[in-house]
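Commentary on secondary and tertiary structure
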Amino acid sequence: EELSQDITDFKETVDSYEKDSVKSSDKDTLETLIEKIETAQDDKNLSESQKEKLQELLEEVKVLVDIIDEKKQKLDDLVSEVESLDEETVNENDQEQFNQLKEELSSIIDESNQHYTDAEKENAQKQLDQIAKLEDILEELSQDITDFKETVDSYDKDSFKSSDKD
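Nothing here was measured: the structure is a model prediction, and the numbers come from that model.

**Digging into the overall build of the protein**
In terms of regular secondary structure, the protein is built from five helices and zero strands. Going residue by residue from the N terminus, the α and β elements of the protein occur as α-α-α-α-α. At 28 Å, the protein has a C-alpha radius of gyration far larger than the 15 Å of a compact globule built from 166 residues. Overall, the protein is about 100 × 25 × 20 Å in size when its C-alpha atoms are taken along their principal axes.

**Let's talk about the packing of helix H3 (residues 48–84) against helix H4 (residues 95–109)**
Remark: H3 packs on H4, axes separated minimally by 11 Å, with the N-to-C direction vectors making an angle of 145 degrees. Handedness of the crossing formed by H3 with H4: left-handed. Residue-level inspection shows Lys-74, Leu-75, Leu-78, Glu-81 and Val-82 of H3 in contact with H4, the latter providing Gln-97, Leu-101, Glu-104, Leu-105, Ser-107 and Ile-108. A class-by-class count of the residues in the contact of H3 with H4 yields six nonpolar, two polar and three charged.

The rules behind these values
- Residues numbered from 1 in each chain as written.
- Predicted model: local features only at pLDDT ≥ 70, side-chain atom pairs only at ≥ 80, totals over all residues.
- Heavy atoms only, no water.
- Helix = DSSP H or I, 4+ residues; strand = E, 2+ residues; numbered from the N terminus.
- Rg over C-alpha atoms; globule rule 2.2 N^0.38 Å.
- Axes fitted to C-alpha atoms, helices over the stretch in contact; angles between N-to-C directions.
- Left-handed = near helix turned anticlockwise from the far one by under 90°.
- Contact = heavy atoms within 4.5 Å.
- Nonpolar A, V, L, I, M, F, W, Y, C, P; charged D, E, K, R; others polar.

Quick look at the structure:
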């Protein structure tokens, strides 16, 4: 009787989570639920249908935890990639990588994406801000090169005098 109630409670708890909105803040609760289900599975008085139901619930919860881990890993990877970009070595060849990172980070921040906590979304925004800063550096560098080229081109090779060196 008590075990049947536990199984019903487990099911209600599992059903309260959605695959498309589970987030890292749910992980501790889900891991505790896994422990409770595994403990219930040790009961020697389980019927076959109870064993099957517990196993199904366990697998459902593990899928939810896997989704959380996958989403967290994605954000961690993006953060690492942005942090690996160096202001000293950034160049125009990085723009494609910037665009890809911006797209992925923006998808994390998107309001329709319910997999991330506010803190994780703030972290993603910080990474976007860092990319914008790097793009500004590239833009300045590009402008400096253009200015330099215009200055060089303004000199006529045939009329260049030693007094123009400065």
